[in-house]
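Chain by chain, the residues:
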Amino acid sequence: MSLSLKKILTLVFVREPGKILLGMKKRGFGCGRWNGFGGKVEKGETILQGAKRELLEECGVSAKHLESVGLINFEFENEPEILEVHVFQASKYTGEPIETEEMRPQWYKESEIPFHLMWPDDELWFPYLLSGKQFEAFFLFRGMDVVLEYWIKEKGLN
Ligand SMILES: Nc1nc(SCCc2ccccc2)c2[nH]cnc2n1
């Protein structure tokens, strides 16, 4: 069996009552879509440290404590590398979000999330994120716009 190539990535959502901070990706993977803040986990750092680092680098927000909310595996048809995305949320943080080369931050009301300008899977798992339900999910993509298959499971606290 082939070695499954996994790329470990992070995704962080900053929360205020009734609102969520999204960033417009200005370059690279997912460019042109609103998303959480995140990216690669570097050698020598934990996934949690990587998540905090990316949040700070991408919008200047410093989160002392991140809450783990989900784990999503993304597979793309005919590509060997699976993206394993660790999803977190931050409700305690310091710093006003600022625009960087990577991301343009904007607060959205939870009732006005711009799903048409986000990855097509997001509207499927956002209800878990917004309701604070921990979840695991899998999405098989054809290209960047079509979800061929998926599942989402709610996770009890271990
Ligand atoms: N919401 C969402 N995010 C991603 S990639 C998130 C991880 C990442 C990757 C690269 C730079 C920064 C952050 C997705 N891929 C396929 N559907 C998706 N949905």
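Residues numbered from 1 in each chain as written. Predicted model: local features only at pLDDT ≥ 70, side-chain atom pairs only at ≥ 80, totals over all residues. Heavy atoms only, no water.

**Notes on the overall build of the protein**
At step 1: Helix and strand counts for the protein come out as two helices and nine strands.
At step 2: In the protein, the succession of α and β elements from N to C terminus is β-β-β-β-α-β-β-β-α-β-β.
At step 3: For 158 residues, the compact-globule formula gives about 15 Å, and the C-alpha radius of gyration of the protein, at 15 Å, lands near that figure.
At step 4: When the backbone C-alpha atoms are referred to their principal axes, the protein occupies close to 45 × 35 × 35 Å.
At step 5: The long-range fraction of contacts in the protein, counting pairs at least 24 apart against all pairs at least 6 apart in sequence, stands at 64%.
At step 6: With the model as given, the accessible surface of the protein reaches about 8900 Å², and the carbon-plus-sulfur share is 53%.
At step 7: For the protein, the distance from the average position of its 20 positive side-chain charges to the average position of its 25 negative side-chain charges is 3 Å. (Helix = DSSP H or I, 4+ residues; strand = E, 2+ residues; numbered from the N terminus. Rg over C-alpha atoms; globule rule 2.2 N^0.38 Å. Contact = heavy atoms within 4.5 Å. Areas by Shrake-Rupley, 256 points an atom, 1.4 Å probe, with all protein chains shown as cover. Lys, Arg positive; Asp, Glu negative; His and termini not counted. Charge placed at Lys NZ, Arg CZ, Asp CG, Glu CD.)

**Details of the pairing of strand β8 (residues 135-142)**
At step 1: Where burial is concerned, most of β8 is hidden: six out of the eight residues are buried.
At step 2: As defined by bridge partners, strand β5 (residues 67-76) adjoins β8 across seven bridges and the pair is classed as parallel. Each residue of the ladder has a partner; that of Phe 76, found in β8, is Phe 141.
At step 3: With antiparallel pairing between neighbouring strands as the criterion, β8 and strand β9 (residues 146-154) make up a hairpin whose turn holds three residues, including Gly 143 at a positive phi of roughly 65°. (Buried < 20%, exposed > 50% of the residue type's maximum accessible area, 1.4 Å probe, protein only. Pairing = 2+ DSSP bridges.)

**Re the site of the ligand**
At step 1: Neighbouring the ligand are 14 residues, the closest being Asn 35, Gly 38, Trp 119, Asp 121 and Asp 122.
At step 2: Taking Asp 121, its side chain carries an N or O atom lying 2.7 Å from a nitrogen atom of the ligand.
At step 3: Here Asp 122 contributes a side-chain N or O atom positioned 2.9 Å from a nitrogen atom of the ligand.
At step 4: For the ligand, the accessible surface in isolation is 450 Å², of which the surrounding protein chains cover 94%.
At step 5: Of all elements in the fold, only β1 (5-16), β4 (37-40) and α2 (122-130) reach the threshold of two or more residues within the shell around the ligand.
At step 6: The element that contributes the greatest number of residues to the shell around the ligand is β1, accounting for three residues.
At step 7: Among the residues making up the shell around the ligand, the classes are represented as seven nonpolar, four polar and three charged. (Near = heavy atom within 4 Å. Polar contact = N/O pair within 3.5 Å; in protein donor to acceptor, adjacent residues only side chain to side chain. Nonpolar A, V, L, I, M, F, W, Y, C, P; charged D, E, K, R; others polar.)

**Brief notes about the nonpolar core**
At step 1: By size, the foremost hydrophobic cluster in this structure holds 26 residues, and its most contacted members are Phe 13, Leu 22, Trp 125 and Phe 126.
At step 2: Among the secondary structure elements, those contributing two or more residues to this core are β1, β2 (19-25), β5, β6 (81-90), α2 and β8.
At step 3: Not counting chain neighbours up to four residues away, the residues in contact with Trp 125 comprise Leu 11, Phe 13, Ile 72, Val 87, Phe 135, Phe 139 and Ile 152.
At step 4: With 13 residues, the next largest nonpolar core counts Val 12, Val 14, Leu 66 and Ala 90 among its residues. (Core = buried A, V, L, I, M, F, W, Y, C linked by side-chain atoms within 4.5 Å.)

**Remarks on the packing of aromatic side chains**
At step 1: Enumeration over the complete set of coordinates arrives at 16 aromatic pairs.
At step 2: For the pair Trp 119 and Phe 141, a centre-to-centre distance of 5.7 Å together with 90° between the ring planes defines the contact as edge-to-face. On the criterion of sequence distance, the pair formed by Trp 119 in the loop between β7 (103-109) and α2 and Phe 141 in strand β8 is long-range, its members being 22 residues apart.
At step 3: For Phe 141, a relative accessible area of 0% gives the class buried.
At step 4: Here Phe 139 and Tyr 150 contribute two aromatic rings whose centre-to-centre distance is 5.5 Å and whose plane-to-plane angle is 10°, an arrangement assigned as stacked. Placement of the pair is Phe 139 in strand β8 and Tyr 150 in strand β9, with a sequence separation of eleven residues.
At step 5: Phe 139 sits in the buried class, given a relative accessible area of 0%. (Phe/Tyr/Trp six-rings, centres within 6.5 Å; stacked < 30°, edge-to-face > 60°.)

**A word on the layout of surface pockets**
At step 1: Computed from the structure, the largest pocket encloses a volume of approximately 760 Å³.
At step 2: Taken together, 35 residues make up the lining of the largest pocket; nearest its centre are Leu 9, Lys 25, Phe 29, Gly 39 and Leu 83.
At step 3: Residues that form the lining of the largest pocket fall into these classes: 13 nonpolar, eight polar and 14 charged.
At step 4: By volume, the second largest pocket amounts to about 160 Å³.
At step 5: Residue assignment for the lining of the second largest pocket shows that the elements contributing at least two residues are β5, β6 and β8.
At step 6: It is β5 that contributes the most residues to the lining of the second largest pocket, four residues altogether.
At step 7: Its residues assigned to classes, the lining of the second largest pocket shows four nonpolar, six polar and two charged. (1 Å grid on protein atoms, 1.4 Å probe; cavity = no way out; pocket = protein on both sides within 12 Å on 5 of 7 lines; lining within 4 Å. Points joined across faces, edges and corners; volume = space filled by probe spheres on them.)

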